[in-house]
Every structure is written in C-alpha cells, then in structure tokens.
Amino acid sequence: MNWKSKSRRGSSPATDSKSACNNSPTRTAGFFPQDGRCLQKPERRARTLRGLCGEIELTLSCGRDPGDRRWCCPLLEAWGVRAHQEFTPAARRRLAFTLSASGTYAQAAELATEWGVAVDDSTLHALAQEAGARAEEQTLRRLETPAPERDPERAPSALSVLMIDGCQLRYRGPGWGQTKPKEPRVEWHELKLGVFYREEQAAPTAGGRGLLSGKRIVSWRGEAGGLGRRLHWEAQADGLGRALRVRSVNDGAPWIWNLVTDRWSQAEQVLDFYHGSQHLHALGAALHGEGTAATSQWVVPRRKRLRRGNAAKLLKELGALEPPEGEAGAVVRREQNYFAHPAARMNYRELSQSGPIGSGAVESACRQRQCRFKRAGQFWSKEGQRHLCALQEARRNGHWEELWNTPSQPR
C-alpha cells in the first residue's frame, strides 16, 4: 500500500491552511492537522510502518515546527507515531497487550508471530519499557487528584475487602556487570502488593474454589506508604468510599497492620486464618518435633479451637508456654510474638459468617508476580520491573484505553 499526501484545493480549513502555507513568503508547505500551523523548510520523505496487515509505505511532508524549531512530521504525530517507531499504533497496542499478559518476552514474541506480526523479544522489551514508563507517568498524575468513582450509580457494596502482602524478587545490585565488584551484584527486595474487591465480585466455582470476577491489583517496591497511596486510589475509584463495611485480611507482618491502621482505620482487621494455622504448626513442631505424632496431637485440637472462635483462651495459653532451650526456644518465642495480635482479629467463627477470613486473593497476586518476575536467570533493574508492572496494572485496573488514547508527547 502506498499512501501519498497530495496537494488539493478546496474550501476545508485544512486545505485552506495548506494553500496559505504554499503561498507564504517563506515558501513553507504542509500543515499540522490539529491547528493548521505551517511547516517550515518542508520536505517529502518516505516512511515504512509495520501494521497488523503487513507493511505500509508512506510518503509524508516533514519539516520544522515553527514554534520550537524541532524537526517533525505532523501527520505521524497526529497518529501518535514517534520518531524511529517501527509499528503502527494499532500493532503497538496489540503487542503491548500480548506481552503484558505473557509469562516472558519470548512467549509474547511467539504469540505475536502466530497472530501475524513477527517480532523478537528485544523489540518487545523496548516496547514494554516505553509503554510502561508512560503508564507509570499517568499513574503518578492520577495520584495527584481524588479518584472519581467509575460507577457512581451502582448501589453501595455491603462489604469491600482490602488485602496486602509482599514477595521477594531479585534485582541488579550496584555491582552488577563488574568483574570484581566491591558491592553486591544481586540484591533481594520485597515487592509489596495490594488487592481490592467488592463482595459481590466474589463467587464460588463448581469445584468450591473462590472466584473473583474483578479485582484491582497494585504493586510497589519501596515504603509501605507508597503502596497504600496507590491501593487507596484504586479502591476509591471502585467504590470504597460508599461501602457499608470494609474488611482487611492479611498475614501477621507488622508493616501491613501499621499501614491498614494508618490508611483505613475504619476497616475490620482479620488475621488470615491459614497463615495462623501454619504458625500454630510451627509452634507445635518446636515443642514436640517436626512430623511427630505428638505435634499433630497438639496442633489439631488447638487449630479447631481457633476456628470455632475460642481465640482469647488459646492466645492466653500460647502466651504462657515456657520456651525450651536452644533453637527450638527461639522459634517458640517468635511464634508467641506472632500470636500476640488482638483476639478480635481471630474471632473466626463470627468473622467467617460476614466475609472472608483468608487472604487468598493477594496470595494469588503474589504468585502471579513471582511466576513473571522470578524465573530462572531473571535479574531486574528497579525501573525495568516498575515499568512492566505499570503496564500490567494499566491493563488489569481499567486504564488501558487511557494509556493508548492519550496523545503522545513528541520526543
């Protein structure tokens, strides 16, 4: 296909502007479609773009912007095509969607080839960084203003749920790429994640497992307050402010509960029952030995008491245990500190009748992040990981149209 811009006379504003450009004393030609400004020192140049249906050959007017004197092509800018961009906007959008939903860049390249665009994983990596950086910029701009609710006509939710957790990922340290580094080549950092959903979005599958028809997921590597700000914005946009009740279900990490208390003080606080059960087993193993019958006989009845709502008495019993000597004693003291939570967070008999008592939704989100960012041989830069997360979250959290429909800034 060969598209060529031809000079035509007519009465439309665009053609009038073009005629005016051709007749100007400075002999300029071409114009900006949005405002009719004339190009200076115009030239006709060929450009080839790769689209969903093959290559597109273009012959376009280029020249200097009369405002800032930069070299540009107005028609490509109107289409959102940047300098040295290889693909059409539609192809870039589909490629970005494919790579944001794939396990690796190589998998995304294979899928793209299947639906008609041959591309290598290095090109997809560059696209992810460019589009992800733009998604992150849009996120930061959104955080500067209160979140408008997406569906204000919807009835208030009976219950909204917040969950928070974290997972460790490998990052490139300050010594990365050095032969004899004085600083670590690799560092581990926690990626913090938050999930928000409304009670009506949760339903059981045919097999009895929980299923969420929609949830908002955010992530952040850094201080807990940064995660809280992002999660609160998404939750507000999805109706948190009109929820009749708010519940936060999490494991026992102190930073999580500090964030919940600071950011959502009205929320019911629930310690994840399944994490509690695991810590109860660790306590029993420290007292009676791992894998012994005595451990099972000690753990099972206490787990049942915990589930049936007898948390206050059980916590008093656990706090009165005498730690043994050595390493087992250190484990016992650690688990006693874990079970030092208020009993109200563990009143599972009553809590299970009014909402979730497990943090499976955020556990699933952590697992998905680890499957993408913790593969063999993966070591991330802070910016590279952030940009890909921002691209994924734009797709998951309803910002995909904004990402591609907002006009690009020239570079």
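Described in the following lines is the structure provided in the data block. (Residues numbered from 1 in each chain as written. Predicted model: local features only at pLDDT ≥ 70, side-chain atom pairs only at ≥ 80, totals over all residues. Heavy atoms only, no water.)

1. Here we look at the environment of arginine 308
Here is step 1 of the chain: The residue arginine 308 is located in the loop between α9 (293–307) and α10 (311–319) in this model.
Here is step 2 of the chain: Note on arginine 308: relative accessible area 53%, which makes it exposed.
Here is step 3 of the chain: Each C-alpha atom of the pair arginine 308 and glutamate 144 lies 45 Å from the other, and the pair is 164 residues apart in sequence. (Helix = DSSP H or I, 4+ residues; strand = E, 2+ residues; numbered from the N terminus. Buried < 20%, exposed > 50% of the residue type's maximum accessible area, 1.4 Å probe, protein only.)

2. Comments concerning the pattern of salt bridges
Here is step 1 of the chain: Scanning all chains against the criterion turns up 25 salt bridges.
Here is step 2 of the chain: One salt bridge connects aspartate 238 with arginine 216, and the closest N-O pair in it is separated by 3.6 Å. One end of the pair, aspartate 238, is in the loop between α6 (224–237) and β10 (246–250); the other, arginine 216, is in strand β9 (residues 216–220), with 22 residues separating them in the sequence. Residues aspartate 238 and arginine 216 agree in their burial class; the two are buried.
Here is step 3 of the chain: A salt bridge links glutamate 317 to arginine 302, with the nearest nitrogen and oxygen atoms 2.8 Å apart. Separated by 15 residues along the polypeptide, glutamate 317 in helix α10 and arginine 302 in helix α9 bring together distant segments of the chain.
Here is step 4 of the chain: Since its relative accessible area comes to 24%, glutamate 317 is described here as partly exposed. (Salt bridge = Lys/Arg side-chain N within 4 Å of Asp/Glu carboxyl O.)

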